[in-house]
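Structural description and commentary
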Protein chains: 2
Amino acid sequence: SARQIGQMAKAAALTHAPVSTISTYRPILGAAQNLAHHSQIRHFSILVTDKIPEKDPPKTRVTKPIFPGPTYTEEELLAVVPGHRQPRCLSDRLAWRLVRGARRLVDRATGVTDVKPLTTTQYNARILFLESIAAVPGMVAAVHRHLYSLRKGKRDQGWMKTLLEEAHNERMHLLTWMNLAEPGWFMRLLFIGAQGVFFNICFFARWVSPNFFHRFVGYLEEEAIHTYTRLEKEIENGQVKGWSDPTFPIPEIAIEYWNIPKDKQTMLWLTRYIRADEAGHRGVNHTFANLDQKHDPNPFEQDTRNTSSPVPNAILRPQGFERFEVIEGVKPPKDESESTLK
Amino acid sequence: SARQIGQMAKAAALTHAPVSTISTYRPILGAAQNLAHHSQIRHFSILVTDKIPEKDPPKTRVTKPIFPGPTYTEEELLAVVPGHRQPRCLSDRLAWRLVRGARRLVDRATGVTDVKPLTTTQYNARILFLESIAAVPGMVAAVHRHLYSLRKGKRDQGWMKTLLEEAHNERMHLLTWMNLAEPGWFMRLLFIGAQGVFFNICFFARWVSPNFFHRFVGYLEEEAIHTYTRLEKEIENGQVKGWSDPTFPIPEIAIEYWNIPKDKQTMLWLTRYIRADEAGHRGVNHTFANLDQKHDPNPFEQDTRNTSSPVPNAILRPQGFERFEVIEGVKPPKDESESTLK
Ligand SMILES: [Fe+2]
Ligand SMILES: [Fe+2]
Ligand SMILES: [Fe+2]
Ligand SMILES: [Fe+2]
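Residues numbered from 1 in each chain as written. Chains lettered and ligands numbered in written order. Predicted model: local features only at pLDDT ≥ 70, side-chain atom pairs only at ≥ 80, totals over all residues. Heavy atoms only, no water.

1. So, the relation of the copies chain A and chain B
These two copies of the chain differ by a rotation about an axis and a displacement along the same axis. Taken as rigid bodies, chain A and chain B are interconverted by a rotation of 180° and an axial shift of 0.0 Å, the fit giving an RMSD of 0.0 Å. Taken together, the rotation and translation describe the operation of a two-fold axis. Within chain A, Val143(A) has its C-alpha nearest the rotation axis, a separation of 4.1 Å. Mapped onto chain B, 98% of the interface residues of chain A are again interface residues, and the two copies thus contact each other with one and the same surface. (Least-squares fit on C-alpha atoms with pLDDT ≥ 70 in both. Contact = heavy atoms within 4.5 Å.)

Listed below in structure tokens is the structure:
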């Protein structure tokens, strides 16, 4: 991850971020800042441009999504709020620390502060980078489940479906945003480098501890919801040039995937669709982190022999479900402090 | 793969195979044969038993398959025949050599000759081992396509769907057979060891050369069709104890997955359903090996903007489709010898 941090720090410098507090990376940043001195626009463009990219080449085959896009009611889209699951054990705390650290670094790298609204360029850079990363863990976990099922010759009990759906959904986020902004050469390098590092870390982490891994993803999703909620507010407040305009055209791929009705084909509602997806991932991954990976079924997939009990909805459960809530025959813990769902 | 070979050789010895021709492994085999001397039955059972395993534990959640099972007409099920694509380049020849070598080794390891019909134990051992391996390449290729799409921010053009479907389908073959035979401890060790080796080889090979990789899988599938066709014939001829009996109950999981009608719920038809799946993989992978992985769409997924042209059916095309047959705007080669589809 040091490489990733280094690359981010460079990116920070190149976008004229307030870097004085990242003392460790000052030498790199200093050099990069000198480089960036000549032309702010030119050096922004190595990360991302706000230019709407050209459409796919005419011969590109547009196929149905692997998994159909999710559907939400208007109430659900509006009801998603940032939330946080309090860490309860060392593994939780480590996951939370890592995510918070990465978040602060990205904030500084892209010059984001609590007070000033972000520019579209800042949003584009953050969202492109984060969505290219976000699609990795679901795929990695699906691979591990697949291999485990083969080694044991046992049914998967529904896990892979949800994990592959998550990976596909995150990839659709990236492809959507690729129709809003054109990544520059440095961003493309970041895609490659970060993926190489992150894929391997994920593969190893999921192998060592599925519970830590899914908790980590849960915390990542919490942060994604923070970012998209901020974007929602700033679009609503008319603070985001272009996107605050309800006639700003949103990508075709998004309209098709979420089946967005005419009156919701705006950047404001697109942001809410994506946020609802992230809320699903948040609840699902925090729940997965509470389960026994070897024996428990995936509670979010219907048991075909017991179709009367509906599957739980994770979108409005920021902390996920406790094991006793979703696994048959598991009793809630006696200890009061343990059972309190904060 | 040396490890795999070693393990196979051991397995060979333990099942009293005619091993005199595998001179390289004679020392290992000799030792193992001494070990096996005491009780043939006991040592067979370390590989596999013909005992029908107990059903899944009652709390197991039975979920819908990730991708619905394929559907075939009776004509299709009967029309699948073994076939071979002549290697045309060095990469093809290498793939073919590797598969043939592995095939011969497995034949010797499980004591299979051209003349004597196989026992159910021999079939169980082969099929369990091969199906646990067969589900790996599709998943590996899907991961590479996923990561590639993320790095480039480009549409996948339908590849992942077919690859994930293949991986899932092969896993269903394994799960089906796990309901017919109980693997012993040595087979379980083989599952783990072979998977560890094969997953990594596949991951690397798909990264280095997608074309070689898919050709190799195409040849593997050719061999699978040979095996299942032999099983079909020997069941038909009444040569397979138990399975030749049309009242022999086939696994519930298979009936549900392929939606097998009442009159086809026999081992004979189950064999044909699985063989039809393998024929699909054979045609698909030989086709994939002919394509440009970076730019060509997956011809087996419908273009949603051009639904009038049907997707090709790979089941009855043992050699797969040539690139000019399935990619728009590609001309057939001028050279006669090249364009002949053998
Ligand atoms: Fe996302
Ligand atoms: Fe997410
Ligand atoms: Fe198979
Ligand atoms: Fe196959």
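2. Things to note about unusual backbone geometry
All names here are of chain B. Unusually for a residue other than glycine, glutamine 157 sits at a positive phi of about 60°. Considering the arrangement of structural elements, one finds glutamine 157 in the loop between α6 (120-152) and α7 (159-178). Under the relative-accessibility criterion, glutamine 157 is labelled buried at 11%. Positive phi, close to 55°, is recorded for asparagine 259, a residue that is not glycine. As for its placement among the helices and strands, asparagine 259 is situated in the loop between α10 (252-258) and α11 (267-288). A relative accessible area of 62% means that asparagine 259 is categorised as exposed. (Helix = DSSP H or I, 4+ residues; strand = E, 2+ residues; numbered from the N terminus. Buried < 20%, exposed > 50% of the residue type's maximum accessible area, 1.4 Å probe, protein only.)

3. So, the coordination of the iron ion (ligand 3)
The iron ion (ligand 3) binds to the protein through Glu131(B) (OE), Glu131(B) (OE), Glu170(B) (OE), His173(B) (ND1) and Glu278(B) (OE); the donor distances cover 2.0 to 2.4 Å. Written as a sequence motif, the donor arrangement for the iron ion (ligand 3) is E-x38-E-x2-H-x104-E. (Donors = N, O, S within 2.8 Å, 3.2 Å for Na, K, Ca; no water.)

4. Some thoughts on the packing of helix α6 (residues 120-152) of chain A against helix α7 (residues 159-178) of chain A
All names here are of chain A. α7 packs onto α6 with a crossing angle of 160° between their chain directions and a minimal axis gap of 8 Å. For the element pair α6 / α7, the angle class is roughly antiparallel. For α6 against α7, the interelement crossing comes out left-handed. Residues that form the contact of α6 with α7 fall into these classes: 15 nonpolar, five polar and five charged. (Axes fitted to C-alpha atoms, helices over the stretch in contact; angles between N-to-C directions. Parallel < 35°, antiparallel > 145°, perpendicular 65-115°, else oblique. Left-handed = near helix turned anticlockwise from the far one by under 90°. Nonpolar A, V, L, I, M, F, W, Y, C, P; charged D, E, K, R; others polar.)

5. As for the interface of chain A and chain B
Contacts between chain A and chain B engage 53 residues on the former and 52 residues on the latter. Around 5,100 Å² of area is buried between chain A and chain B when both sides are counted, 61% of it from carbon and sulfur atoms. Broken down residue by residue, the surface that chain A buries against chain B is led by Arg61(A), Leu150(A) and Arg155(A), which jointly contribute 17%. Here chain A is connected to chain B by zero salt bridges. Taken together, the residues of the side of chain A that touches chain B sort by class into 24 nonpolar, 13 polar and 16 charged. (Buried area = accessible area lost by both parts, 1.4 Å probe. Salt bridge = Lys/Arg side-chain N within 4 Å of Asp/Glu carboxyl O.)

6. Observations concerning a nonpolar patch on the surface
Where nonpolar side chains cluster on the molecular surface, the patch consists of Phe204(A), Trp207(A) and Val208(A) and spans about 400 Å² of accessible area. Accessibility expressed as a relative area gives 54% for Val208(A), which makes it exposed. (Patch = residues over 30% accessible without salt bridge, like charges linked within 9 Å, V, L, I, M, F, W, Y side chains within 5 Å. Areas by Shrake-Rupley, 256 points an atom, 1.4 Å probe, with all protein chains shown as cover.)

7. What about the coordination of the iron ion (ligand 2)?
Residues and elements named next belong to chain A. Protein coordination of the iron ion (ligand 2) is provided by Glu170 (OE), Glu221 (OE), Glu221 (OE), Glu278 (OE) and His281 (ND1), with donor distances spanning 1.8 to 2.7 Å. The sequence pattern describing where the donors of the iron ion (ligand 2) fall on their chain is E-x50-E-x56-E-x2-H. In this structure, the iron ion (ligand 2) lies 3.8 Å away from the iron ion (ligand 1), the two metals sharing glutamate 170 as a donor. With glutamate 170 in helix α7 and glutamate 278 in helix α11 (residues 267-288), the pair connects residues that are 108 residues apart, well separated along the chain. Exposure class is identical for glutamate 170 and glutamate 278. Each is buried.

8. Brief notes about the environment of Thr287(B)
Residue placement: Thr287(B) occurs in helix α11. Its relative accessible area of 0% is what places Thr287(B) among the buried residues.

9. Quick look at α11(A)
When the terminal C-alpha atoms of α11(A) are compared, their 31 Å separation across 22 residues agrees well with the 32 Å that a helix rising 1.5 Å per residue should span. Counting buried positions over the 22 residues of α11(A) gives 22, a clear majority of the element. (Expected span 1.5 Å × (residues − 1).)

10. As for the environment of Ala95(A)
Residues and elements named next belong to chain A. Relative to the assigned elements, alanine 95 resides in helix α5 (residues 90-109). The exposure class assigned to alanine 95 is buried, which follows from its relative accessible area of 0%. A C-alpha to C-alpha distance of 4.8 Å links alanine 95 and phenylalanine 216, two positions 121 residues apart in sequence. Excluding anything up to four places from it in sequence, alanine 95 contacts Phe212, Arg215, Phe216 and Tyr219.

Bear in mind that shape data such as this cannot, by itself, settle questions of function.
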